[in-house]
Amino acid sequence: MIVDAVVSGLALDSDDTLLDLCCGNGALSTLLFSRCRGGLGVDFSEALISIANSYFESPPEQAYILQDVVMFCENPTTPDKFTKILCYGSFPFIEHDRSELLLRLLKDNFANAENVFIGNCPDKEQMSRFYGDQPVERGIENDPASPIGIWRTEKEFVEMAERCGWQAEIHKMPEKYYAAHYRYDVILSR
Ligand SMILES: C[S@@+](CC[C@H](N)C(=O)[O-])C[C@H]1O[C@@H](n2cnc3c(N)ncnc32)[C@H](O)[C@@H]1O
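Let us look at the structure shown here. (Residues numbered from 1 in each chain as written. Predicted model: local features only at pLDDT ≥ 70, side-chain atom pairs only at ≥ 80, totals over all residues.)

A few points about the site of the ligand
Okay, so step 1: Inspection of the region around the ligand gives 17 residues, with Cys-22, Gly-24, Phe-44, Ser-45 and Ser-90 positioned closest.
Okay, so step 2: For the shell around the ligand, the elements supplying multiple residues, two or more each, are helix H2 (27–33) and helix H4 (69–74).
Okay, so step 3: Looking at the shell around the ligand residue by residue, the classes come out as 11 nonpolar, four polar and two charged. (Near = placed C-beta within 6 Å. Helix = DSSP H or I, 4+ residues; strand = E, 2+ residues; numbered from the N terminus. Nonpolar A, V, L, I, M, F, W, Y, C, P; charged D, E, K, R; others polar.)

What follows is the structure, given as structure tokens:
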């Protein structure tokens, strides 16, 4: 379901080269790289990038590098080759000011990237559906180091994207997706 959502959301095709930000162990990246020309995964977890490199590295179609994504986007190698960008299940773990910086860098430094898919964002309006009867720690929705990271309403996300120069569209996963009731995807376009 995730691969289908990303392929359709990005209109990913055989001419595209994908930049996968916060790619983790590459298990999702490799499925998407095989649906296009290939791409590059970036993550700052040494353990996860070493798994990605052991199992999936296959240059030039698939490469994985160990780096903080904001630092990578400040000074990217060969930025013009990327036509689509993905950040799945990870954007909430980036601090507020750095997430805005990241969106601006994607706009300014990746001129050929038409769309960005930011997947699996927790919806602040649905926090109570996620936590149910459990007590909720005060301020947890703004803590990128918490287990879910920063919660944003759809409106907050769209406004943030617009401040950074993007147009944003909210997409929902099919209901049978385990987290469909409290998460949404965002597709950015220029
Ligand atoms: C929940 S995992 C998602 C991994 C992958 N995108 C997937 O969907 O399978 C979150 C990932 O974000 C990475 N991450 C979080 N903040 C990062 C940053 N500032 N720079 C690079 N990687 C980051 C973590 O190391 C972790 O691999």
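Back to the write-up after that little detour.
As for the sheet that holds strand S4 (residues 84–88)
Okay, so step 1: Judged by pairing direction, the sheet is mixed, and its seven strands sit side by side in the order S3-S2-S1-S4-S5-S7-S6 without closing on themselves. Looking at which strands have only one partner, the edges of the open sheet turn out to be strand S3 (62–66) and strand S6 (167–171). With strand direction ignored, the average angle separating the axes of adjacent strands in the sheet is 20°.
Okay, so step 2: Note: S6 against strand S7 (residues 183–189), five bridges, orientation antiparallel. In the sheet register, His-171 faces S7, and the bridge partner there is Asp-185.
Okay, so step 3: Across the sheet, helix H1 (residues 2–10) lies against S4, strand S5 (115–122), S6 and S7, angled at about 140° from S5, the strand it touches most.
Okay, so step 4: Sheet contacts for helix H7 (residues 154–163): S5, S6 and S7; angle to S6, the most-contacted strand, approximately 155°. (Pairing = 2+ DSSP bridges. Axes fitted to C-alpha atoms, helices over the stretch in contact; angles between N-to-C directions. Contact = placed C-beta atoms within 7 Å.)

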